[in-house]
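In case you want the letters, here they are:
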Amino acid sequence: MTTVFVLNGPNLGRLGSREPDVYGGGTLVDLQAQLEAHAQTLPNAASITLDFRQTDSETELISWLHEAVDAGAPVIMNPAAFTHYSYALRDAAAQVSGSGLPLIEVHITNPHTREEFRHTSVISGVATGVIAGFGFESYILGLDAVARRLS
């Protein structure tokens, strides 16, 4: 059994009420349900479990990345605002991909179509891959990529 960490950064707990014109009307609970339902359709569904988490704390997110490395768990991560400036998070993310585990950076929106400060990701350079701009589907595509690597 492989546990895939699905890690969500700051303000994502406010999905559904925070800027629905930008992020859509779905909540974090809706996202988790969609991702868990999709996981059951994967060819290797019996061997994958999801560990879905959200935090507004940079320290906690870094600790979860350390936990993923120690557990040998692939990571799908939406670092949210930390994407653009957290070198500490980048260093922790590098430990995931550096240990040979998939690290998929996901974003609900396409940061490159938004404010200029969102165009830079300090995480992308250490991620296995980046998926952005497809709403909740970004997570599903990320899970598909991880599942293929596990099969």
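Up top is the structure these notes are about.
The present account deals with the structure reproduced in this document. None of the values given here were measured: they were computed from a predicted structure.

Right, let's get into the overall build of the protein. Of regular secondary structure, the protein possesses five helices and five strands. Starting at the N terminus, the α and β elements of the protein follow one another as β-α-α-β-α-β-α-β-β-α. Counting only C-alpha atoms and orienting by the principal axes, one finds that the protein spans roughly 40 × 30 × 25 Å. By sequence separation, contacts in the protein at least 24 residues apart represent 78% of the contacts at least 6 residues apart. If you sum the accessible surface of the protein, you get close to 6,900 Å²; carbon and sulfur atoms cover 49% of it. Distance from the positive charge centre (8 side chains) to the negative charge centre (16 side chains) of the protein: 3 Å.

According to the stated counting rule, one finds three salt bridges in the structure shown. Across the pair Arg53 and Asp51 runs a salt bridge, and its minimum N-O distance is 2.8 Å. Among the ionic pairs, Arg90 bridges to Asp91, the shortest N-O distance being 3.3 Å. Owing to a relative accessible area of 30%, Arg90 belongs among the partly exposed residues under this scheme.

This brings us to the packing of helix α3 (residues 58-71) against helix α4 (residues 87-98). Two elements in contact, α3 and α4, have axes separated by 8 Å at closest approach and are oriented at 10°. What the angle tells us is that α3 and α4 run roughly parallel. For the pair α3 and α4, contact is made by Glu58, Leu61, Ile62, Leu65, His66 and Val69 and by Ala88, Leu89, Ala92, Ala93, Gln95 and Val96, respectively. Partitioning the contact of α3 with α4 into residue classes produces nine nonpolar, two polar and one charged.

Geometrically, a packed helix pair is captured by the angle between its two axes and the distance between the axes. Running from N to C, helix α2 (residues 28-39) and helix α5 (residues 137-150) cross one another at 30°; their axes reach a closest spacing of 10 Å. Along this stretch, α2 crosses α5, giving a crossing that reads as right-handed. Contacts between α2 and α5 involve Leu31, Leu35, His38 and Ala39 from the former and Tyr139, Ile140, Leu143 and Asp144 from the latter. Here the contact of α2 with α5 is composed, by residue class, of six nonpolar, one polar and one charged.

Counting 27 residues, the largest nonpolar core has Leu35, Leu50, Ile76 and Tyr139 as the members making the most contacts within it. Sorting the residues of this core by element identifies β1 (2-8), α2, β2 (48-54), β4 (103-107) and α5 as the ones contributing at least two each. In terms of residue count, α5 provides more of this core than any other element does, six residues in total. Setting aside residues up to four positions removed in sequence, Leu50 forms contacts with Val4, Val6, Leu35, Glu36, Ala39 and Leu143. Counting 21 residues, the second largest nonpolar core, distinct from the first, contains Trp64, Ala73, Ala93 and Val126.

What counts, and at which threshold
Residues numbered from 1 in each chain as written. Predicted model: local features only at pLDDT ≥ 70, side-chain atom pairs only at ≥ 80, totals over all residues. Heavy atoms only, no water. Helix = DSSP H or I, 4+ residues; strand = E, 2+ residues; numbered from the N terminus. Contact = heavy atoms within 4.5 Å. Areas by Shrake-Rupley, 256 points an atom, 1.4 Å probe, with all protein chains shown as cover. Lys, Arg positive; Asp, Glu negative; His and termini not counted. Charge placed at Lys NZ, Arg CZ, Asp CG, Glu CD. Salt bridge = Lys/Arg side-chain N within 4 Å of Asp/Glu carboxyl O. Buried < 20%, exposed > 50% of the residue type's maximum accessible area, 1.4 Å probe, protein only. Axes fitted to C-alpha atoms, helices over the stretch in contact; angles between N-to-C directions. Parallel < 35°, antiparallel > 145°, perpendicular 65-115°, else oblique. Nonpolar A, V, L, I, M, F, W, Y, C, P; charged D, E, K, R; others polar. Left-handed = near helix turned anticlockwise from the far one by under 90°. Core = buried A, V, L, I, M, F, W, Y, C linked by side-chain atoms within 4.5 Å.

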